[in-house]
Amino acid sequence: MTSNENNNARQEDDGVNKQWTLEELLESSAVHSPSRKNKKDKAMDWGRPGHLTKEELDVYVAFRQEVESRGGEFKNTVYSFTEIEGEAFTLTRWLRARKYNLADTIRMVEEATAERSVPREAGYYPDPEAALGVDPSIFISQYPQLYSGFSKDGCPVFYSKPGIMNIDGIECITTLDGILKFHWHVMQHDYKERLLQFKKENPSFSRFECVSVLDLTGLAVSALNSRTLDIIKKQAFIDSLCFPETMNKMLVVNAPRFFSASWAIIKGFVDARTAGKIEILSSSSAAEKKLKEIIDIDQLPKDYGGTAESTDVLLAKEAGKDRANGGRSRLVTEVMYIRSSLSFKFQLMPNEEVDLWIYTRARTGATFKVMNAETKELLVPAKTVIHNGGSDDNSPPTKMQLSTKRIRCANEIKIKAESLKTRMSSESYLVVANIYSTQN
């Protein structure tokens, strides 16, 4: 290594963070005095700046030269969170993912560059509704997920609730292609911006990683079908290839007993180092204790033992975020499984009005009637909804509005659906009620 190389191994220099010399990247660096760390802590530090062996440092220098010499999209792939992440932390993140094997790391970046090419041309889908083909709040009503707060290490915390994911509802409103486009949007517009904003507010923040809380409350064996696992598998593939080593920790909470067998399957979708960061917690008390170890109580939602707003409240607020500007104040959704006939009711307050939509892929079709639940009065003419689009997985579903204008009814509203033909099995229809306040 030349003197020039030694001076150019640097962390992002923003006037606050120091530059890294090659000597400082080594485990024996004077700025990182030896300490008695347990095996787990050493494993977490492995391959990071300040903890490299001589051999790993040589690979680091070679990889840095490769990135700089290739430039272009190869370099853009490596710096997917921009160079603000810092050179030392960015390069070691990619190298850890391939255990400091230079050839494997270069191949990984090449494959990631190819994987990113189509999303990159689309700007990583800046409009989430256009990506999904549906309002994201409707999608999230079927698969609750959100970012809320930060861990003690400064990592954004992501909560998802696959235990109550309704794959039938999801298939009524979008496609797998749409879900993956939305995932690209989240990673490159939402998650990325959270990291950069936290870095701006806390210049010493260096680990561009995320803490994930996977809540399996309500998970049934039947939910772990090929359709659900296909979504998980393809999202995990994108993250492992294009955003390596960005999982700080994943806590799987409220896991049912049978999940251990399912975990053996899901574990195969992620690399070994990532799998080692995942902890399964079956009891709520154990989960709360562990969450409080890594997240301050004021950053932890109430439904997980903290004092911050609950995830349900946060999701409801997100669905009604445009209320002040005359937009939707709350959202009600329901999947109706119709074989012959079925009804669904919801309450509308005196100061509210609603527009109603049906999303489906049902080819038999059904007639929908909207009425005052008490008086049985029809509030709008009956409508027939049937999917006449493509049958392949990436063909968009059918969307139909049940009324041409918003409905007012200071009472309970009943939606009754009757299939056009009695079936042996049911078809799925997602009812979406966008509710608006009539008060300023």
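Right above here is the structure, for reference.
Since we're looking at a predicted model, the values are computed, not measured.

Reading the values: rules and limits
Residues numbered from 1 in each chain as written. Predicted model: local features only at pLDDT ≥ 70, side-chain atom pairs only at ≥ 80, totals over all residues. Heavy atoms only, no water. Core = buried A, V, L, I, M, F, W, Y, C linked by side-chain atoms within 4.5 Å. Buried < 20%, exposed > 50% of the residue type's maximum accessible area, 1.4 Å probe, protein only. Helix = DSSP H or I, 4+ residues; strand = E, 2+ residues; numbered from the N terminus. Contact = heavy atoms within 4.5 Å. Axes fitted to C-alpha atoms, helices over the stretch in contact; angles between N-to-C directions. Parallel < 35°, antiparallel > 145°, perpendicular 65-115°, else oblique. Nonpolar A, V, L, I, M, F, W, Y, C, P; charged D, E, K, R; others polar. Pairing = 2+ DSSP bridges.

### Focus: the nonpolar core
And then number 1: In this structure, Tyr-60, Phe-63, Phe-139 and Tyr-359 are the most contacted members of the largest nonpolar core, which totals 84 residues.
And then number 2: A total of 11 residues in this core trace back to one element, the largest contributor, which is helix α11 (residues 176–201).
And then number 3: Excluding anything up to four places from it in sequence, Phe-63 contacts Val-78, Leu-91, Trp-94, Leu-95, Leu-102, Thr-105, Ile-106 and Val-109.

### Some thoughts on the packing of helix α7 (residues 102–121) against helix α12 (residues 226–242)
And then number 1: Orientation of α7 relative to α12, taken along the N-to-C sense of each, is 130°, at an axis distance of 9 Å. Judged on the interaxial angle alone, α12 and α7 are oblique. The residues of α12 that touch α7, namely those facing Met-108, Glu-111, Ala-112, Glu-115 and Arg-116, are Phe-237, Ile-238, Ser-240, Leu-241 and Cys-242.
And then number 2: Class assignment of the residues belonging to the contact of α7 with α12 gives a composition of 6 nonpolar, 1 polar and 3 charged.

### Quick look at the sheet that holds strand β12 (residues 412–419)
And then number 1: Spatially, the 4 strands line up as an open sheet ordered β7-β12-β9-β10, and their pairing is antiparallel. Both edges of this open sheet fall to β7 (341–347) and β10 (378–385), since each of them pairs with a single strand only. In this sheet, neighbouring strand axes are inclined to one another by 15° on average, regardless of whether the strands run parallel or antiparallel.
And then number 2: Note that strand β9 (residues 366–372) and β12 share 7 bridges and pair antiparallel.

That is the geometry; function is a separate question.
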